[in-house]
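Examining the three-dimensional arrangement
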Amino acid sequence: MTASMSPVRSILLWCPDWPTNAAAAELGLAPGAPLALIERGDVFACSAAARSEGVRRGLRVREAQSRCTDLVVLPYDPVLDHRVFEPVVAAVEQIVPGVELSRPGTCVMRARGPSRYYGGERQAAQALLDTLAGVGVSDARVGIADGPFAAEQAAKLHSPTVTDAIRIVPAGRSPEFLAPFGVELLERPELATLLRRLGIHTLGSFAALDDMQVRDRFGPHGVLAHRLASGFDPSDVDARVPPADHSSVLEFEPPLDRVDQIAFAFRTAAEEFVARLQASSLVATAIRINVSTENGDSRSRTWLHPRWFTAGDVLDRVRWQVQGAGLAESGLNSAITRLRVEPESVDPAGNHEAGLYGGATDERIHSGLSRVQSMVGHTGVLTARIAGGRQPSDRRILVPWGDLPPGGEASVRASQALPWPGRVPGPPPATVFPERRRVLVSGTGGADVAVDDRGELSAVPVSFAEPGGRPGAVSAWAGPWPVTERWWDAGGRRLNRFQLVDESGGAWLLVLDDSGWWAEARYD
Amino acid sequence: MSLSVATPRPPVFAGAPAPVETAANQVAELQARIRGMQRTRIDSHGLPTSPGIAELLPGGVLRAGAAYSVHESTSLALALLAGPSAAGAWCGVVGLPALGVEAAAAAGIDLDRLVLVPEPGEQWLQVTAALADVVTVVLARPPASLSAAEVARLGSRLRQRGSTLVALGEWPQSEATLRVSDDRWMGLGDGHGFLAARRVTVSVSGRTLTGKPRRKQLWLPDTEQVVRPAGLAGVPTRPVPAQPVPATPVRFDEAAVS
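Below is a summary of the structure that appears in this document.

What counts and what doesn't
Residues numbered from 1 in each chain as written. Chains lettered and ligands numbered in written order. Predicted model: local features only at pLDDT ≥ 70, side-chain atom pairs only at ≥ 80, totals over all residues. Heavy atoms only, no water. Helix = DSSP H or I, 4+ residues; strand = E, 2+ residues; numbered from the N terminus. Buried < 20%, exposed > 50% of the residue type's maximum accessible area, 1.4 Å probe, protein only. Contact = heavy atoms within 4.5 Å. Areas by Shrake-Rupley, 256 points an atom, 1.4 Å probe, with all protein chains shown as cover. Salt bridge = Lys/Arg side-chain N within 4 Å of Asp/Glu carboxyl O. Pairing = 2+ DSSP bridges. Axes fitted to C-alpha atoms, helices over the stretch in contact; angles between N-to-C directions. Disulfide = S-S within 2.5 Å. 1 Å grid on protein atoms, 1.4 Å probe; cavity = no way out; pocket = protein on both sides within 12 Å on 5 of 7 lines; lining within 4 Å. Points joined across faces, edges and corners; volume = space filled by probe spheres on them. Nonpolar A, V, L, I, M, F, W, Y, C, P; charged D, E, K, R; others polar. Buried area = accessible area lost by both parts, 1.4 Å probe. Polar contact = N/O pair within 3.5 Å; in protein donor to acceptor, adjacent residues only side chain to side chain.

Regarding the overall build of chain B
On a plain count of helices and strands, chain B comes out with 7 helices and 11 strands. The buried share among the 258 residues of chain B stands at 48%. Sequence-distant contacts, at least 24 apart, represent 60% of the contacts inside chain B between residues at least 6 apart. Entry remark: accessible area of chain B is about 12,400 Å², with carbon and sulfur atoms responsible for 55%.

Structure, rendered in structure tokens:
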């Protein structure tokens, strides 16, 4: 059992504040801004600027915001974290094989190979730091010790006397190095609390306990913690198999600014992209397209597909993203220099194999609708959901084919399940105007019909003119039903609703607000 | 064991009214029957149709591959789509940016199988044809500038694919044209109540219906938000209805004041 007795000499590479740096870089925030990432209402990670204001991991959001008033708060996105770290790991793998990705921002490798190749541990560490600086990570630290646990403590060591980015614990001296640290570093809160109550405050004093006694009192987990504390880290470096890079990149020289040129140029690349995935028996169900422009701007967007992407689908998404629905969405204002497409989620191709006797109905629907989408654009083909709300237009959510509604299906269902007091009873109107239309309603002798603060009508509506029509008599009406939504907010609204039947029998849902009478929907 | 060759009777006459009184009616009925037998297409089957609507349509079903034209009532058009959608068919809607999705769901259309193309722009014909390839029923508002050749092309595409078009507006080659008239809303008074139910007269004319348009009373919808026929009043060719008229609900007059 040599493995259990002699820990693996390990190099650990640590990028401090990785989650906040990654989020700031991805969202284009200033690097020095105070930023906190939130998970389940608690601070998960915070930037150095936020830390200097007293923000700590584990604080409630409100508490963190009260300590640092200009704190930028974002939800923690582990996918983003991994995605941004992936190129860093790939760069490390270029110079050192066999890298274990512990978590985003931290990776471990065996020390033996690199130190022999680079002629020493310090030289190997320096080579790693140079590589990281090349991909834009400047403040990384390297710890070298016996076992990943000791190496991590060396890398994270926070002490005024140690300023070097490379911290090397000489071979065989890890127990000595670990001894003064507190038991919290074992990352077992229950065990640490218990040890403290037993009067054991440091790893050294925990390590001094007898093996058998630790096993009897704390069980197998305790034994593992005891090994770590004693500097006999049993864990080995579990090198990952570098994932195959399925992304497809195309540089344009000179930069292109016309959609058809770009789409034409990318045609072959899109076919290769799909063929490469196919060669690994995979299909992409979501892709991410990144567009870089001449003036250094770079925009990304994820596209989902109801089934899986063919080369034509990829090309369509590229076209839609470059065109944008107006330029606001794509945000492009100069010629495009680089286009990158990467699969965001892949699925084994076997799950998507067509049946022996032709595809199912749904498959036909998908391909047919994709064709329509290629004619009228991604946002031209919609599916509908009913959400909660008081106005008919609020209750209708239109989602492009293949996309998810904003906030996900669950939030739509949740808003639908709320009670919404004050909604109009009876059958829903068959026509809901996307833009409400101006109508004329007046009382006897052309008198204004208004509603005062107490909800009293100033006159009975007797005459009604539909949008662009001639005034006619009102045959039935009811109202006002007042709606006061978000009165504390500038975006709130106060209005009164009416139902009205005109002389030809047409029924309308009308709205009276400060700007006059409007038709919101028609029961036709 | 006796071998008998059953004459296949088109199922479209299963729901036709039995008593035929006047000679004109008899002639019309026979003519319709001949036309039904002369039908040459093999795939001309009926789509599942909701009962309230089936009574209106010639043949008693919504036919696959045909076009129907509905005038001035989105609710009636949605009611046409409800039967096939409830039976599992996909529906498409082209060129109706103001469609009330909630009304569609209330009519019985499954939103999971409803696809909307609100703004087809110049490509109305291509989009409608592409949708008709894959969905069973397409509800569309045809643009004014549609040439006869384009109408014929879409018509043959529909026949070939066996999908049905419900045009909101004039459609030259429609199987039947449905018009809503005599709108009467119940439940809304003079400053009180709310719109609860509507009773309309639907007049149906079409290629296979000779003579005067057929007129039916329809709840669109009733207080339970269900589309259903409202008695047999107003059959024009018969001066007095032979069958007893089913009692129409009178509860609206009582429910009007709420």
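Quick notes on the pattern of salt bridges
For the structure on display, the rule yields 31 salt bridges over all chains. Taking the shortest distance from any N to any O, the salt bridge between R390 of chain A and E485 of chain A comes out at 2.9 Å. Pair noted here: R390 of chain A is in the loop between β13 (382-386) and β14 (396-400) and E485 of chain A is in strand β18 (residues 472-485), with a separation of 95 residues, a long-range link. A salt bridge links D513 of chain A to R436 of chain A; the nearest nitrogen and oxygen atoms lie 2.9 Å apart. Of this pair, D513 of chain A sits in strand β20 (residues 507-513) while R436 of chain A is found in strand β15 (residues 431-438), placing the two residues 77 residues apart along the sequence. Judged by its relative accessible area of 35%, R436 of chain A falls in the partly exposed class. Salt bridges linked by common partners bring R371 of chain A together with D133, R157 and R161 of chain B together as one network.

Section: the sheet that holds strand β21 (residues 516-523) of chain A
Residue and element names in this part refer to chain A. The strand order across the open sheet formed by 7 strands is β15-β21-β20-β19-β18-β17-β16, and the pairing between neighbours is antiparallel. Pairing within the sheet leaves two strands with one partner each, and these edge strands are β15 and β16 (440-442). In this sheet, neighbouring strand axes are inclined to one another by 30 degrees on average, regardless of whether the strands run parallel or antiparallel.

Some remarks on the state of the cysteines
A complete count under the given rule lists 0 disulfides over all chains for this structure. For the unlinked cysteine C46 of chain A, the closest cysteine sulfur is that of C68 of chain A, found at 9.4 Å.

A short note on empty space enclosed by the protein
The tally for this structure, following the rule as stated, stands at 4 cavities of 30 Å³ or more. Here the largest cavity defines a volume of roughly 50 Å³. As for the largest cavity, its lining consists of P392, R395, R396, P428, P429 and V432 of chain A together with L99, G100, V101 and E102 of chain B. In the lining of the largest cavity, the residues fall into 6 nonpolar, 1 polar and 3 charged.

Regarding the interface of chain B and chain A
Between chain B and chain A, the contact holds 45 residues from the first and 45 residues from the second. Summed over both sides, the interface of chain B with chain A buries roughly 3,600 Å², with 65% coming from carbon and sulfur. Area buried by chain B at its contact with chain A is led by E102, V134 and L195 of chain B, which between them contribute 17% of it. For the pair chain B and chain A, the number of links is 3 salt bridges. Measuring nitrogen to oxygen at the nearest pair gives 4.0 Å for the salt bridge that ties R423 of chain A to E102 of chain B. On the surface where chain B and chain A come into contact, there are 14 residue pairs in polar contact (both at pLDDT 80 or more). For the side of chain B that touches chain A, the element with the highest residue contribution is helix α5 (residues 124-134) of chain B, accounting for 6 residues. Each residue belonging to the side of chain B that touches chain A can be placed in one class, and the counts come to 27 nonpolar, 11 polar and 7 charged.

These values are about where atoms sit, not about what they do.
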